[in-house]
Amino acid sequence: MPPKRKRPMARTTQQKDELSSSCDSAEPSQVESMNECERSTSEADMSMDSTTRIKSNVWLYAHRHPTSDGWAVCDLCPLLPAPKLISTKGGATSTLRKHLVKVHNKVELQLARPTGCPADKVSPVHRARLHQLLINAIVVDGRCFGDFRRAGFSRFLECAVPGMPCLLINPIRCIFCSGYVPPHSNTVRRSLKQLYKIHRARLVERLRGVEWISITCDFWSNRLAQSFLVLTGHYLSSTFELNNVILDFVHFEQRHLAENIAGTIQSKLEKLGILNAVSSVTCDGASNMKKTFDKLTNIDRIWCLAHRLHLIVTNSLGFWLKLPVVDVEEETIDNEPILDVVVDDESESAEEESIDEVDDDPDTDDTVTDDDEVEVIRLLHLGRLAGRREWSGPVDDGWAEGVDTGAIHASEDLIVISELMRRCRSLTTSIKRSSVIKSALEKASSRLGIQRTLVIDVCTRWNSTLRMIESFIALKPVVTKLFDDMPSIELPRKQMAKLEKLELTSSDWTLLKLLAQLLKPFDLATKLLSSQTYPTIGLCVFALHHIKMFLEDTDGDSDLSKRLKRHLLKTMTKYIDDEKEQLRIVRMRSYFDPMGFAVLADRERTMIERELKKIVNNDVDRSNESSTAIPHTGSVTVPK
């Protein structure tokens, strides 16, 4: 016997007064409709007590499973090959009733809705369209499945859906609202399973006619130390239009060994039917990624030039050298310890909700899904976890690997730059962690008409260091004014002494401007090679050529600028020129790009043309061999 239902709570006196006052201000026809809805609701409430002990009529066509609690067996469905199991968690019979009405046409079991209720104002077609739009918003914006069921947003949607204006601003749903109820999280989950099947089939069909495709491989870990592998495909259509598509998104639970990664990638490409169509793959320079694609034959591995530029800049200028710390005493600001990260002061109450939502959707249909569907829902669930703010720590995409941190053999110039970067980071963190200093900085910025804030960099993106440098240059008058007014700011003596050590001198400001000038070509090259609207491999040689021209031009430069340019050139030779095979592959493809072809030397063009002729001749020879092969039919074919 299903559990007893709780008696519905009666409306409070305040709610009845608000309902009465709204009736006084409404039109007579509206009041009559409201009274009718109120009477039907009251009658339903009064009859609830007398029906709680009556067995539901759905059990005329079904019975409870004898061994599995929370499941029912449909008596109208065939028992072979297996009986139809329907979820009845918590004694709920909504799913069973829906099954009997839709599948077996037991329309007498359908519950009647009181006339005049708000839900009648939204047609089924319009409701389905709204559901589709909200589910699309959840996917596009990366929202939680139940976001639109929250009280505030649900109330907004009730009144925002086209209908008569709402006159009641209280938790009671009035008859003038549309009555639209957003989809439950289980409905969203079920729709995503269907969308996955549809789009997966479309993707396979879309790739069926692709002859050549290049892939980009991205390996990263979120703040929960969960690893993901993303494969993106790039190919040209029959009309030579560039197409980019995500091939697969894998939650990688194995060890990051080359054998495991290669097996996973090969399996995913085989399922899509494009393993033999892959011509090249672009990935970072991690050792396991190199070994991975060495195991996959007939696929050219191309290093990511953006990652190469990242290593060139960070290692040649010593941005992340770990220098000996002289003062190890713990410093405090406003009686709080100084942290290395900026803490968001926004409320996190929304994040304290349970991730596993209660299954109270009447449309829930608990069925067993295949592995691919389970993986989709699991990844979406992990994505929700990854977006929760209480999980601290950076996202690891592997770009910190290879960044030099040892200062033993570093030159004096690099030590000076590293120390300057450390003080800039400490000053930014100190300002953001102290409400007094932050307020003083904001007031100084307002008086000078500068609307910008200091930013801090990360080890995984070299251009974040450039953004930090640019923010300091733009806020130089504000930072200088802040230190000038420091005696008038009420700060503890210990805190004042720490900030005085972080003050930037005139030589520091000069060095920041020089670094910004040196990094400008690298920034332009990174932006040029980070587009999704045009092929970028042909531009690699073009970008490298102009960076080298900039670094080799030292006319009128200071001694420090010349030394830093030599550092950059030396590091470029290590990460670019010494990689002979990679440079050959990039130059070969740059030959077909007008901008890449323009910067190739005559000797390089000649070598590429010879190699292309060899490739064409080999293809012609293989074609002739296949066309003149002797068939195994006993007859001999004489070529003409």
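Conventions we followed
- Residues take numbers from 1 onward in each chain, read along the sequence in its written order.
- Predicted model: local features are reported for residues with pLDDT of at least 70 only, side-chain atom pairs are reported and counted for 80 or more only, and whole-chain, interface and lining totals are derived from all residues.
- To get the side-chain values, take all heavy atoms of the structure and skip hydrogens and water.
- A run of H or I in DSSP becomes a helix once it reaches four residues, and a run of E becomes a strand once it reaches two; helices and strands are each numbered from the N terminus.
- Only protein chains enter the area calculation, which uses a 1.4 Å probe; residues under 20% of their type maximum are buried, those over 50% are exposed, and those in between are partly exposed.
- Here, residues are in contact when the closest pair of their heavy atoms is within 4.5 Å.
- Areas reported here follow the Shrake-Rupley algorithm with a probe of radius 1.4 Å; residue values treat only the protein chains shown as occluding.
- Where helices are involved, their axes are fitted lines through C-alpha atoms of the stretch in contact, as for all axes, and angles between N-to-C directions lie from 0 to 180°.
- Any angle that is under 35 degrees is reported as roughly parallel, and any over 145 degrees as roughly antiparallel; angles of 65 to 115 degrees are reported as roughly perpendicular and all others as oblique.
- With the far helix as reference, a near helix turned anticlockwise by less than a right angle produces a left-handed crossing, and one turned clockwise produces a right-handed crossing.
- When DSSP locates at least two bridges between a pair of strands, those strands are taken to pair.
- What makes a nonpolar core is a set of buried Ala, Val, Leu, Ile, Met, Phe, Trp, Tyr and Cys residues whose side-chain atoms join them at distances within 4.5 Å.
- Predictor confidence is given residue by residue as pLDDT, running from a minimum of 0 to a maximum of 100.
- To pair, rings of Phe, Tyr and Trp, with the six-membered ring standing in for Trp, must have centres within 6.5 Å; the planes then decide the type, stacked if under 30 degrees apart, edge-to-face if over 60, and tilted in the middle.
- For the purposes of these results, a polar contact is taken to be a pair of N or O atoms within 3.5 Å, where, inside protein, one atom must be able to donate a hydrogen and its partner to accept one; residues adjacent in sequence count only when each atom of the pair is a side-chain atom.
- When residues are grouped by polarity, Ala, Val, Leu, Ile, Met, Phe, Trp, Tyr, Cys and Pro land in nonpolar, Asp, Glu, Lys and Arg in charged, and all others, Gly among them, in polar.

1. Section: the overall build of the chain
Step number 1: Summing up its helical and strand segments, the chain has 21 helices and ten strands in all.
Step number 2: Taking all 640 residues of the chain together, 39% fall into the buried category.
Step number 3: In the chain, the proportion of contacts linking residues at least 24 apart, taken out of those at least 6 apart, comes to 66%.
Step number 4: Carbon together with sulfur atoms contributes 54% to the accessible area of the chain, which is approximately 38000 Å² in total.

2. Concerning the packing of helix α12 (residues 435-448) against helix α14 (residues 476-484)
Step number 1: Remark: α12 packs on α14, axes separated minimally by 9 Å, with the N-to-C direction vectors making an angle of 130 degrees. With respect to α14, the axis of α12 lies oblique. Taken as a pair, α12 and α14 cross one another with a handedness that is right-handed. On the side of α12, the interface is formed by Ile-437, Ala-440, Leu-441, Ala-444, Ser-445, Arg-447 and Leu-448, while α14 contributes Pro-477, Val-478, Lys-481 and Leu-482.

3. Brief notes about the pairing of strand β6 (residues 242-252)
The side chains of a regular strand alternate between both faces of the sheet.
Step number 1: As paired elements, strand β5 (residues 227-236) and β6 share ten bridges and run antiparallel to each other. Residue pairing for β6: Leu-229 is matched across the bridge by Val-250.
Step number 2: In sequence, β5 turns back onto β6 through a hairpin of five residues, with Phe-240 there showing a positive phi of about 60 degrees.

4. Side note on the nonpolar core
Step number 1: Leu-317, Met-421, Phe-472, Leu-512 and Phe-522 are the most contacted members of the largest nonpolar core, which totals 71 residues.
Step number 2: Among the elements that line this core, the one with the most residues is helix α16 (residues 506-528), at ten residues.
Step number 3: Setting aside residues up to four positions removed in sequence, Phe-522 forms contacts with Leu-309, Ile-312, Val-313, Trp-462, Ile-547, Leu-551 and Leu-568.
Step number 4: Within the second largest apolar cluster, 28 residues are counted, among which are Leu-203, Ile-215, Leu-296 and Ile-299.

5. Re the sheet that holds strand β8 (residues 300-303)
Step number 1: One open sheet accounts for five strands, arranged β6-β5-β4-β7-β8; its pairing is mixed. The sheet is open, and its two borders are formed by β6 and β8, each paired with just one other strand. Ignoring strand direction, the axes of neighbouring strands in this sheet form an average angle of 25 degrees.
Step number 2: Running at roughly 130 degrees to β6, helix α7 (residues 258-272) makes contact with β4 (213-221), β5, β6 and β7 (278-283) of the sheet.

6. Considerations on the sheet that holds strand β1 (residues 62-64)
Step number 1: Reading across the sheet, the three strands line up as β1-β2-β3 and stay open at both edges, with antiparallel pairing between neighbours. For this open sheet the edge positions go to β1 and β3 (85-87), each flanked by a neighbour on one side alone. Taken over all neighbouring pairs, the strand axes of this sheet differ in orientation by 35 degrees on average, direction set aside.
Step number 2: Bridging between strand β2 (residues 71-74) and β3 involves three bridges; their strand directions are antiparallel. Following the sheet pairing, Val-73 is matched in β3 by Leu-85.

7. Quick notes on unusual backbone geometry
Step number 1: For the bond from Leu-80 to Pro-81, the omega torsion is 5 degrees, close enough to zero to count as cis.
Step number 2: Relative to the helices and strands, Pro-81 is located in the loop between β2 and β3.
Step number 3: Although it is not a glycine, Asn-105 sits at a positive phi angle of roughly 60 degrees.
Step number 4: Examined against the element boundaries, Asn-105 turns out to sit in the loop between α3 (94-104) and α4 (124-141).
Step number 5: The residue Phe-240 is not glycine, and still its phi comes out positive at about 60 degrees.
Step number 6: Tracing the chain through its elements places Phe-240 in the loop between β5 and β6.
Step number 7: Under the relative-accessibility criterion, Phe-240 is labelled exposed at 68%.

8. Focus: the confidence of the model for the chain
Step number 1: Scored by pLDDT, the chain has a mean of 76; 72% of the residues are at 70 or more.
Step number 2: Across the chain, the element-wise mean pLDDT spans from 37 in strand β10 (residues 336-337) up to 95 in α16.
Step number 3: In the model, residues 1-16 has pLDDT below 50 throughout and makes 17 contacts with residues more than four positions away in sequence or in other chains.
Step number 4: Between residues 326-370, whose pLDDT stays under 50, and residues either more than four places distant or in other chains, the model counts 78 contacts.

9. Some thoughts on the packing of aromatic side chains
Aromatic ring pairs: the centre-centre distance and the angle between the two ring planes describe each pair.
Step number 1: Throughout the structure, instances matching the rule amount to seven aromatic pairs.
Step number 2: Between Phe-153 and Phe-156, the aromatic rings sit 5.7 Å apart at their centres with planes inclined by 70 degrees, giving edge-to-face as the arrangement. One end of the pair is Phe-153 and the other is Phe-156, both in helix α5 (residues 151-160) and three residues apart, which spans about a single turn.
Step number 3: Here Phe-153 falls in the partly exposed class, since its relative accessible area comes to 36%.
Step number 4: Seen in terms of ring centroids, Trp-462 and Phe-522 are 6.5 Å apart; in terms of plane orientation they differ by 80 degrees. Their pairing is edge-to-face. Residue Trp-462 is found in helix α13 (residues 462-474), and its partner Phe-522 is found in helix α16; the two are separated by 60 residues along the sequence. Neither Trp-462 nor Phe-522 differs from the other in exposure class; each is buried.
Step number 5: By way of ring pairs, the aromatic residues Phe-148, Phe-153 and Phe-156 are connected into one cluster.

10. What to know about the side chain of Asp-577
Step number 1: Along the chain, Asp-577 falls in helix α18 (residues 559-577).
Step number 2: Polar contacts involving the side chain of Asp-577 include one to the side chain of Lys-548, which spans 2.9 Å.
Step number 3: If sequence neighbours within four positions are ignored, Asp-577 has contacts with Lys-548, Met-572 and Leu-583.

11. Some thoughts on the pairing of β5
Step number 1: Counting buried positions along β5 yields seven of ten residues, so the element is predominantly enclosed.
Step number 2: Where β4 lies against β5, eight bridges are found, and the strand directions are antiparallel. Bridge assignment links Ser-214 to a residue of β5, and that residue is His-234.
Step number 3: Linking β4 back to β5 in an antiparallel pair, the connection comprises five residues, with Ala-225 at a positive phi of about 60 degrees.

12. Description of the packing of α13 against α16
Step number 1: It is the contact of α13 with α16, at a shortest axis distance of 9 Å, that shows an interaxial angle of 135 degrees. The orientation of α13 relative to α16 falls into the category oblique. Taken as a pair, α13 and α16 cross one another with a handedness that is left-handed. The residues of α16 that touch α13, namely those facing Trp-462, Asn-463, Leu-466, Arg-467, Ile-469, Glu-470, Phe-472 and Ile-473, are Trp-509, Leu-512, Lys-513, Leu-515, Ala-516, Leu-519, Lys-520, Phe-522, Asp-523, Thr-526 and Lys-527.
Step number 2: Of the residues assigned to the contact of α13 with α16, the class counts are eleven nonpolar, two polar and six charged.

13. Observations regarding the environment of Glu-470
Step number 1: Its location among the elements puts Glu-470 in helix α13.
Step number 2: For the pair Glu-470 and Ala-516, spaced 46 residues apart in sequence, the C-alpha to C-alpha distance is 6.9 Å.
Step number 3: What Glu-470 contacts, discounting residues up to four positions off in sequence, is Arg-452 and Lys-520.

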